[in-house]
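What follows is each chain in one-letter form.
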Amino acid sequence: VSLVYVYGAVQAKGPPLRLPPGVHGARPVLQRSVRGDLGAIVSPVARRTIHARSDDVRAHEAVLRAALEQRDPVLPLRFGTVFENAAEVEERLLDPGEDGLSGLLGEFRGLVELELRALYPDENELLRELVRSEPALARLRDASRRGGYQAQLALGEATLDVYRRRREADTARLLDSLAPLVRDWRARESLPQRVAAQLSFLVERARIGAFERAAARLAHPGLRLTLAGPLPPYSFMTYQLDRGAVA
Amino acid sequence: MATNGTGVATRGTASNYLQRGPSPSGLADVLDLILDKGLVIDAYVRVSVIGIEVLTIDARIVVASVDTYLRFAEAVNRLDLSQTEMAGIEELRDGGKKEEAKGAVEGVKEEAKKPVEKMKEKVTGGRSR
């Protein structure tokens, strides 16, 4: 059985795509729409269910990133999208026309995603700062050293609360400077330890430089920033193309 | 060919505190992007998320719970408040060294047993024009 794994969609016009190996090591190619205007980046796959193995996850991302260097825009499909055959890719993805894929491609022309992560490099230093700046926290700390379990809980809860507010303040400061430079943004709310903010920005290619410079000005010893991209606009694909497909 | 998501380099002189790379460096960050995002063609996505990858994502999330409170309380109690900005100096010396996500509060990995559905992230966003 040869099923078709789809990475993303692009305009068909342009020089031949040169892409790295894809999911299960297969070579990704461009499947052109019958009308010739659109293209899906595809590779053969033997199974309908794709395991989120590290190699394949990274391959999916690398294929789309390579495509983004050669085409504009690149619309990423969710990892694990598999069609029965090439005809189905045409019918369900490429054919729907103006209100479907080609409309989306128009909407995202010239736009890429930048991923920004803000990190507190030293958590102890941050906690020290919080205790110093919040007298209530210092009092709870003294109380917990004398008291028992409840006092510990109270201290922990208050600390997490102050920590959260600090994150919000830092995130707001980042957005104040960066949001005016972009088309759209998303902020993740469930964050790992030491991460102050994790933000996705939809940016015009021409403004990447300005964005980088602004981000560099916001970083400091207490708040390290990591900026990744340009990437396909993963975080802004809030659409669901459903052509009445029967699974 | 593009690099495989591992290269994060420090670039430019504008700030030593901004690391710049072509793609997210960690597997968890890549998963974050491609597993839950991207265009969905209904009924065509069948992903089985198994093994280490699930642990990687779940381990990243800090959940407000009694455990978390106690770990934070312990970390705050352990602090030496007389200590000054040594950390800043260490950071300067390190330059653009890659960060490891390891904080004073340990045990985040305990959250790793939760199924992947539980960590559906909340997202806020805005449009500026």
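To keep things clear, this report deals only with the structure shown in the data block. (Residues numbered from 1 in each chain as written. Chains lettered and ligands numbered in written order. Predicted model: local features only at pLDDT ≥ 70, side-chain atom pairs only at ≥ 80, totals over all residues. Heavy atoms only, no water.)

Re the overall build of chain A
Within chain A, the regular secondary structure consists of seven helices and 11 strands. Relative to its length of 247 residues, chain A is extended, with a C-alpha radius of gyration of 23 Å against a globular reference of 18 Å. Based on the C-alpha atoms only, the size of chain A along its principal axes is roughly 75 × 40 × 30 Å. At a minimum sequence separation of 6, the contacts of chain A that also span at least 24 residues come to 76%. Within the structure as shown, chain A displays about 9800 Å² of accessible surface, and the carbon and sulfur contribution to it stands at 50%. Across chain A, the centroid of the 36 positively charged side chains sits 5 Å from that of the 32 negatively charged ones. (Helix = DSSP H or I, 4+ residues; strand = E, 2+ residues; numbered from the N terminus. Rg over C-alpha atoms; globule rule 2.2 N^0.38 Å. Contact = heavy atoms within 4.5 Å. Areas by Shrake-Rupley, 256 points an atom, 1.4 Å probe, with all protein chains shown as cover. Lys, Arg positive; Asp, Glu negative; His and termini not counted. Charge placed at Lys NZ, Arg CZ, Asp CG, Glu CD.)

Side note on the pattern of salt bridges
Side chains that carry opposite charge are capable of pairing whenever their charged atoms lie near each other. Residue and element names in this part refer to chain A. All chains considered together, the criterion is met by 18 salt bridges over all chains. Between aspartate 72 and arginine 205 there is a salt bridge, with the nearest N and O atoms lying 2.8 Å from each other. With aspartate 72 in the loop between helix 1 (54–70) and strand 5 (75–76) and arginine 205 in the loop between strand 9 (195–204) and helix 7 (208–218), the pair connects residues that are 133 residues apart, well separated along the chain. Assessed through its relative accessible area of 27%, aspartate 72 is described here as partly exposed. For arginine 205, a relative accessible area of 32% translates into the label partly exposed. Close ionic contact of arginine 183 with glutamate 204 constitutes a salt bridge, the shortest N to O distance being 3.2 Å. Placement of the pair is arginine 183 in the loop between helix 6 (149–178) and strand 8 (184–188) and glutamate 204 in strand 9, with a sequence separation of 21 residues. The exposure class assigned to arginine 183 is partly exposed, which follows from its relative accessible area of 29%. On the accessibility criterion, glutamate 204 (21% relative accessible area) is partly exposed. The network of salt bridges with common partners includes Arg53, Asp55 and Asp56. (Salt bridge = Lys/Arg side-chain N within 4 Å of Asp/Glu carboxyl O. Buried < 20%, exposed > 50% of the residue type's maximum accessible area, 1.4 Å probe, protein only.)

Focus on the environment of aspartate 42 of chain B
Here aspartate 42 of chain B lies in the loop between strand 3 (40–41) and strand 4 (47–48). Remark: the alpha-carbon pair of aspartate 42 of chain B and glycine 125 of chain B, spanning 83 residues in sequence, is separated by 24 Å.

With respect to the nonpolar core
In terms of nonpolar packing, the biggest core is built from 75 residues, with Phe79, Leu116, Leu174, Phe201 and Leu225 of chain A touching the most fellow members. The dominant element in this core, judged by the number of residues it contributes, is helix 6 of chain A, at nine residues. Residues within four places of leucine 225 of chain A in sequence aside, it is in contact with Leu116, Arg117, Ala118, Leu174, Ala215, Leu218 and Ala219 of chain A together with Tyr17, Leu18 and Gln19 of chain B. Residues Val42, Leu93 and Leu105 of chain A together with Ile41 of chain B belong to the second largest nonpolar core, which totals 22 residues. (Core = buried A, V, L, I, M, F, W, Y, C linked by side-chain atoms within 4.5 Å.)

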